[in-house]
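Here are the chains, one letter per residue:
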Amino acid sequence: MYTVADYLLDRLKELGIDELFGVPGDYNLQFLDHITARDDLKWIGNANELNAAYMADGYARTKGISAFVTTFGVGELSAVNGLAGSYAENVPVIEIIGSPTTTVQKNKKLVHHTLGDGDFLRFEKMHKEVTAATTHLTFENAISEIDRVLNIAQNEKRPVYINLPIDIAEFEITKPNTPLNQPIKTLTASETILLDKLEEALQQAKNPVIIAGHEILSYHIEPQLNEFVQKFNLPITTLSLGKGAFNEADSHYIGTYTGAPTEETLRNRVDKADLVLLLGAKLTDSATSGFSFGFTDKQIISIGATEVSLYGEKYETVQLDRFISALTTLSFPKFTGEILPVKRLSALETKDVKLTQKGFWEIVEGFILQGDTLIGEQGTSFFGLTNVPLKKDMRFIGQPLWGSIGYTFPSTLGSQIANKDSRHLLFIGDGSLQLTVQEIGTAIREKLTPIVFVINNNGYTVEREIHGATEQYNNIPMWDYQKLPLVFGGTNKTVATFKVTTEIELVDVMKSARQDTERLQWIEVVMNQEDVPELLKKLAKTFAKQNS
């Protein structure tokens, strides 16, 4: 018998999804049977639903789209924070909720996992604010609604929500005989007009610069952006919210722009450009150090998935992947001015001295390799990595807009599952790790082998810099981080653990970790509580002033 559950799973496979994350609950168990019965899908159970949402987010950032499953009420509300982060940063995640039968819902039975008032739509309504689409499947609409929301997730690169009652999942239907709607590649009339206006602006510009953002990564259109830059020899920078959107080893890349704290040469190049072309970028407070960018609306053309503006005037939005692909059809002179590529460290001499934030990130720059995936937890790790130039074919994952601490550990595992050929390097603080540490067990069970750097600087360093440097609310319990993997089922065969306090110790451990690809590498890095990356120190002052 072919059911709605089978139809939904076939559509997920069609989108390229090979693994589903989540937590079992009695309202989704029969649906999970359909997953585990298949040879072409793998169920990956999580320690909790929030971690499942984070893991799905990381998977989608790398593979393009993802799905996770929870039970009704308690499960979906546990996951909603993760879903909100995916919505904020344009990550297409499909949340599937197993819910009570249609009869139970229709009769408003006072069953478990409800608020005891017979209203089964409360949680669905909550999700409407953090998804691009929601649907409640019925016998009549299941096929059309599944296709509708999946197409929205594909096109808008944002989460969608599917409420799947137990009996609907088991309802017999026919297999799909046509594929999901394919994206339309022809520009709309308004997109064509916008393209003409952009061409005119580029023809007149003498000193243009591109700022690329996170939506380029969401739509996986880095190759199309690269083709445009190479064809017209344009200088390009990225925001930290969008780091990795362009090959940082390329001679056209001039560095990461962060507003006022940006290195002077790069800052002047961007702020004094006669055309600042934002592509898939949002000028958020954390990405621009409290909106401290030096250019104005008179210089800006911004083309994004959710907002388009020319010199401050709003225009109809575009289908971003289609529009960026069309940029190579423009006609304007190649840029012939000077392009100063991003500065890189020369050979670094390590010493037998205590680790500092500055020394640590310099060593990291020399450690990363082409093809690696870097993940920076919000806080010292993200801002430490912001100005570390990436190498060719590297990906970068962070969450600077939503900024939910603890996000990156599950996200790393999801991304590693999506791309097993890329060595994943996670940099996460002790305070953040304590929120989602339960997934160490998942990493060990799934035989994942990222290199994890746990920065032990005794508490919430970001918050200390913003406010309350010595207040107890910025303290955390001190754990024995080096031994954590052993608590969650790790052995010497599955995990290698280290603790380093000096530069020489770090370099030696890094060499060992790079060579050992068969085990999870877990490195506790001890640094001073008051030591922070310079960019974070400057940004914290901005946030403190902004919050006063």
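Structure: above.
Residues numbered from 1 in each chain as written. Predicted model: local features only at pLDDT ≥ 70, side-chain atom pairs only at ≥ 80, totals over all residues. Heavy atoms only, no water.

A. Spatial organisation of the overall build of the chain. Secondary structure summary: the chain contains 22 helices and 19 strands in total. For the chain, the C-alpha radius of gyration of 24 Å lies close to 24 Å, the compact-globule estimate for 548 residues. Dimensions of the chain, computed from the C-alpha atoms along their principal axes, are close to 65 × 60 × 45 Å. Taken across its 548 residues, the chain has 58% of its residues classed as buried. For the chain, restricting intrachain contacts to residue pairs at least 6 apart in sequence, the fraction spanning at least 24 positions comes to 75%. (Helix = DSSP H or I, 4+ residues; strand = E, 2+ residues; numbered from the N terminus. Rg over C-alpha atoms; globule rule 2.2 N^0.38 Å. Buried < 20%, exposed > 50% of the residue type's maximum accessible area, 1.4 Å probe, protein only. Contact = heavy atoms within 4.5 Å.)

B. Representation of the layout of surface pockets in the model. Roughly 1,100 Å³ of volume is contained in the largest pocket. In this structure, the largest pocket is lined by 39 residues; those nearest its centre are Glu263, Val342, Lys343, Asn387 and Val388. Residue assignment for the lining of the largest pocket shows that the elements contributing at least two residues are β9 (253–257), α12 (264–271), α14 (357–367), α15 (380–385) and α22 (534–547). A per-class count over the lining of the largest pocket returns 17 nonpolar, 9 polar and 13 charged. (1 Å grid on protein atoms, 1.4 Å probe; cavity = no way out; pocket = protein on both sides within 12 Å on 5 of 7 lines; lining within 4 Å. Points joined across faces, edges and corners; volume = space filled by probe spheres on them. Nonpolar A, V, L, I, M, F, W, Y, C, P; charged D, E, K, R; others polar.)

C. A look at the sheet that holds strand β6 (residues 160–165). With parallel pairing, the 6 strands of this open sheet are ordered in space as β2-β1-β3-β4-β6-β5. Looking at strand neighbours, the two that pair on one side only are β2 (42–45) and β5 (133–136), the edges of this open sheet. Averaged over all adjacent pairs, the angle separating strand axes in this sheet is 20 degrees, with direction ignored. Bridge count between strand β1 (residues 19–22) and strand β3 (residues 66–71): 2 bridges; the pairing is parallel. Considered in β3, the bridge of Gly22 is made with Val69. Relative to the sheet, helix α4 (residues 74–88) contacts β3, β4 (93–99) and β6, its axis offset from that of β3 by approximately 155 degrees. (Pairing = 2+ DSSP bridges. Axes fitted to C-alpha atoms, helices over the stretch in contact; angles between N-to-C directions.)

D. Representation of the nonpolar core. Counting 54 residues, the largest nonpolar core has Phe228, Leu279, Ile303, Leu327 and Leu330 as its most contacted members. In this structure Ile303 touches Leu194, Leu277, Leu278, Leu279, Gly280, Val308, Val318, Leu320 and Phe323, once residues within four positions along its chain are discounted. With 38 residues, the next largest nonpolar core counts Ala52, Tyr54, Met55 and Leu433 among its residues. (Core = buried A, V, L, I, M, F, W, Y, C linked by side-chain atoms within 4.5 Å.)

E. Spotlight on empty space enclosed by the protein. The tally for this structure, following the rule as stated, stands at 3 cavities of 30 Å³ or more. Here the largest cavity is characterised by a volume of approximately 210 Å³. In terms of lining, the largest cavity is formed by 20 residues, of which the most central are Arg61, His214, Leu217, Phe396 and Gly398. Taken together, the elements giving at least two residues each to the lining of the largest cavity come down to α3 (49–63), α10 (214–218) and β15 (395–397). Here the residues of the lining of the largest cavity are counted per class, giving 9 nonpolar, 7 polar and 4 charged. Estimates place the volume of the second largest cavity at around 40 Å³. Listing elements by their share of the lining of the second largest cavity, those giving two or more residues are α2 (29–36), β6 and α8 (166–169). Split by residue class, the lining of the second largest cavity holds 6 nonpolar, 3 polar and 1 charged.

F. Quick look at the pattern of salt bridges. One pass over the full model with this rule turns up 24 salt bridges. A salt bridge links Lys63 to Asp18, with the nearest nitrogen and oxygen atoms 2.4 Å apart. Of this pair, Lys63 sits in helix α3 while Asp18 sits in the loop between α1 (4–14) and β1, and the two are 45 residues apart along the sequence. Among the ionic pairs, Lys42 bridges to Glu446, the shortest N-O distance being 2.6 Å. With Lys42 in strand β2 and Glu446 in the loop between α18 (440–445) and β17 (451–456), this pair connects stretches of sequence that are 404 residues apart. We classify Glu446 as buried; its relative accessible area is 16%. (Salt bridge = Lys/Arg side-chain N within 4 Å of Asp/Glu carboxyl O.)

G. Region of interest: helix α11 (residues 222–232). For α11, the set of buried residues is Glu222, Leu225, Phe228, Val229 and Phe232. Buried residues in α11, looked at end-on, bunch into an arc of 125 degrees, giving them a common side. Directly after α11, the chain includes Asn233, whose backbone phi takes a positive value near 55 degrees. (Arc of directions from axis to C-beta.)

H. Quick peek at the sheet that holds strand β16 (residues 424–429). Spatial ordering of the open sheet is given by β15-β14-β16-β17-β19-β18, a layout of 6 strands whose pairing is parallel. In this open sheet, the two strands that pair with only one neighbour each are β15 and β18 (495–500). Going from strand to strand, the sheet's axes swing by 15 degrees on average, the running direction of each strand aside. Pairing of β18 with strand β19 (residues 520–526) involves 6 bridges; the strand directions are parallel. Counted as the bridge partner of Val500 is Val525 from β19. The strands that helix α16 (residues 408–418) touches are β14 (373–376), β15, β16 and β19; relative to β16, the one it contacts most, it runs at about 175 degrees.

I. Structural context of unusual backbone geometry. In this model, Phe291 sits at a positive phi of 60 degrees, which is unusual for a non-glycine residue. The residue Phe291 is located in the loop between β10 (275–279) and β11 (300–303) in this model. Judged by relative accessible area, Phe291 falls into the partly exposed class, the value being 45%. One non-glycine residue, Lys447, adopts positive backbone phi at about 60 degrees. Mapped onto the secondary structure, Lys447 falls in the loop between α18 and β17.

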